[in-house]
There are 2 protein chains.
Amino acid sequence: MDSLGRQLVVELKDCNADLLNDLEFVEKVMLEAAQAAGATTVAHSFHPFIPHGISGMVIIAESHLAIHTWPEYKYAAIDIFTCGNTVNPDIAAQYLIDKFKCQDPSILELKRGVILVGGNLKFKAET
Amino acid sequence: MDSLGRQLVVELKDCNADLLNDLEFVEKVMLEAAQAAGATTVAHSFHPFIPHGISGMVIIAESHLAIHTWPEYKYAAIDIFTCGNTVNPDIAAQYLIDKFKCQDPSILELKRGVILVGGNLKFKAET
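Residues numbered from 1 in each chain as written. Chains lettered and ligands numbered in written order. Predicted model: local features only at pLDDT ≥ 70, side-chain atom pairs only at ≥ 80, totals over all residues. Heavy atoms only, no water.

**Student:** Where do I start with the packing of helix 2 (residues 23–36) of chain A against helix 3 (residues 89–99) of chain A in this structure?
**Tutor:** How two helices pack is summed up by the angle between their axes together with the distance between the axes. Residues and elements named next belong to chain A. Where helix 2 contacts helix 3, the axes come no closer than 8 Å and their chain directions differ by 150 degrees. Between helix 2 and helix 3, the crossing angle belongs to the class labelled roughly antiparallel. The two elements helix 2 and helix 3 meet at a crossing, and its hand is right-handed. Seen from helix 2, the contacting residues are F25, V29, M30, E32, A33 and A36; seen from helix 3, they are I91, A92, Y95, L96 and K99. Per-class residue counts for the contact of helix 2 with helix 3 are nine nonpolar, no polar and two charged. (Axes fitted to C-alpha atoms, helices over the stretch in contact; angles between N-to-C directions. Helix = DSSP H or I, 4+ residues; strand = E, 2+ residues; numbered from the N terminus. Parallel < 35°, antiparallel > 145°, perpendicular 65-115°, else oblique. Left-handed = near helix turned anticlockwise from the far one by under 90°. Contact = heavy atoms within 4.5 Å. Nonpolar A, V, L, I, M, F, W, Y, C, P; charged D, E, K, R; others polar.)

Shown next as structure tokens:
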């Protein structure tokens with residue numbers, strides 16, 4: 001079944017807490033993850049919170065990456081949303097798992113925008 | 001069960017195509033949706049794509065909102081990710097459904113960051 005977008009809902013538990021609270025590091029690895037996946041970065045914005053935690057997003061020509069970190073729980077919530085066939089979000093997920101030294105990752109994959117065309121699902125073979 | 005974050009995965013089908021392709025409008029209603037939900041906007045960024053479609057994000061102190069539109073399919077993919085008890089993402093979802101004149105919305109709700117504390121799930125009554 002084909003869809004307009006593909007979204008990885010990435011739950012990273014048991015990460016390195018110091019890395020999750022390092023604004024410069026989080027921004028750097030999120031941008032590198034986008035690049036590793038083959039995406040083109042359009043804009044990005046990262047912000048630290050008091051007393052800890054970072055939120056950030058990267059808009060890519062093929063959709064977006066987002067992250068929110070809770071260093072106190074060694075946890076990060078990441079979304080990797082892509083469209084088209086030129087970007088591989090799996091590569092971005094693996095890159096971030098490695099960089100945050102995550103020992104307990106979980107990933108759900110969602111298809112976004114499943115559209116009926118002429119009353120039927122689009123299948124990949126037809127695209 | 002308690003969680004660190006709450007994410008609405010919002011599929012908006014059968015929207016008004018012209019509105020989905022209006023950069024100024026999309027940015028305005030996304031910022032208004034964040035405000036209506038009780039969120040504090042930290043940063044935002046919206047971009048048009050050729051030949052059509054808009055991607056945008058709003059980072060809020062309580063996490064983020066993101067949108068990608070496919071006017072040619074009258075479809076928008078929206079995520080509303082919140083944390084804490086002061087923001088109501090349902091209000092943002094309803095606001096966007098109304099503003100895009102969506103005739104066919106679907107919403108999945110995800111709990112992000114379900115953490116064991118002392119070997120047990122945190123329940124809301126305990127927080």
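**Student:** Quick question: what am I supposed to make of the relation of the copies chain B and chain A here?
**Tutor:** One copy of the chain maps onto the second through a rotation around an axis plus a translation along that axis. Superposing chain B onto chain A takes a rotation of 180 degrees combined with a translation of 0.0 Å along the rotation axis, leaving an RMSD of 0.0 Å. Here the two chains are linked by the operation of a two-fold rotation axis. It is M57 of chain B whose C-alpha, among those of chain B, lies nearest the rotation axis, at 3.8 Å. In this assembly the copies share their binding face: 97% of the residues contributing to the interface of chain B also contribute to that of chain A. (Least-squares fit on C-alpha atoms with pLDDT ≥ 70 in both.)

**Student:** Before we go on, may I ask you to explain the sheet that holds strand 6 (residues 104–112) of chain A in this structure?
**Tutor:** In a beta sheet, neighbouring strands pair by backbone hydrogen bonds and run either parallel or antiparallel. Residue and element names in this part refer to chain A. Pairing within the open sheet is antiparallel, and its six strands lie in the order 2-3-4-5-1-6. Each end of this open sheet is capped by a strand with a single partner; those strands are strand 2 (41–48) and strand 6. When strand polarity is set aside, the average angle formed by the axes of neighbouring strands in this sheet is 10 degrees. Seen against the sheet, helix 2 touches strand 2, strand 3 (54–60) and strand 4 (63–70) and runs at an angle of roughly 155 degrees to strand 2. Across the face of the sheet, helix 3 comes into contact with strand 1 (5–13), strand 4, strand 5 (75–83) and strand 6 while running at roughly 15 degrees to strand 1. (Pairing = 2+ DSSP bridges.)

**Student:** Looking at this structure, how should I read the pattern of salt bridges?
**Tutor:** A side chain with one charge may pair with a side chain of the opposite charge, provided their charged atoms come close. All names here are of chain A. Tallied over the entire structure, the rule returns 10 salt bridges over all chains. Residue E109 is joined to R6 by a salt bridge in which the shortest nitrogen-to-oxygen separation is 2.6 Å. Of this pair, E109 sits in strand 6 while R6 sits in strand 1; the two residues are 103 residues apart in sequence, bridging distant segments of the chain. Assessed through its relative accessible area of 45%, E109 is described here as partly exposed. (Salt bridge = Lys/Arg side-chain N within 4 Å of Asp/Glu carboxyl O. Buried < 20%, exposed > 50% of the residue type's maximum accessible area, 1.4 Å probe, protein only.)

These figures capture arrangement, not role.
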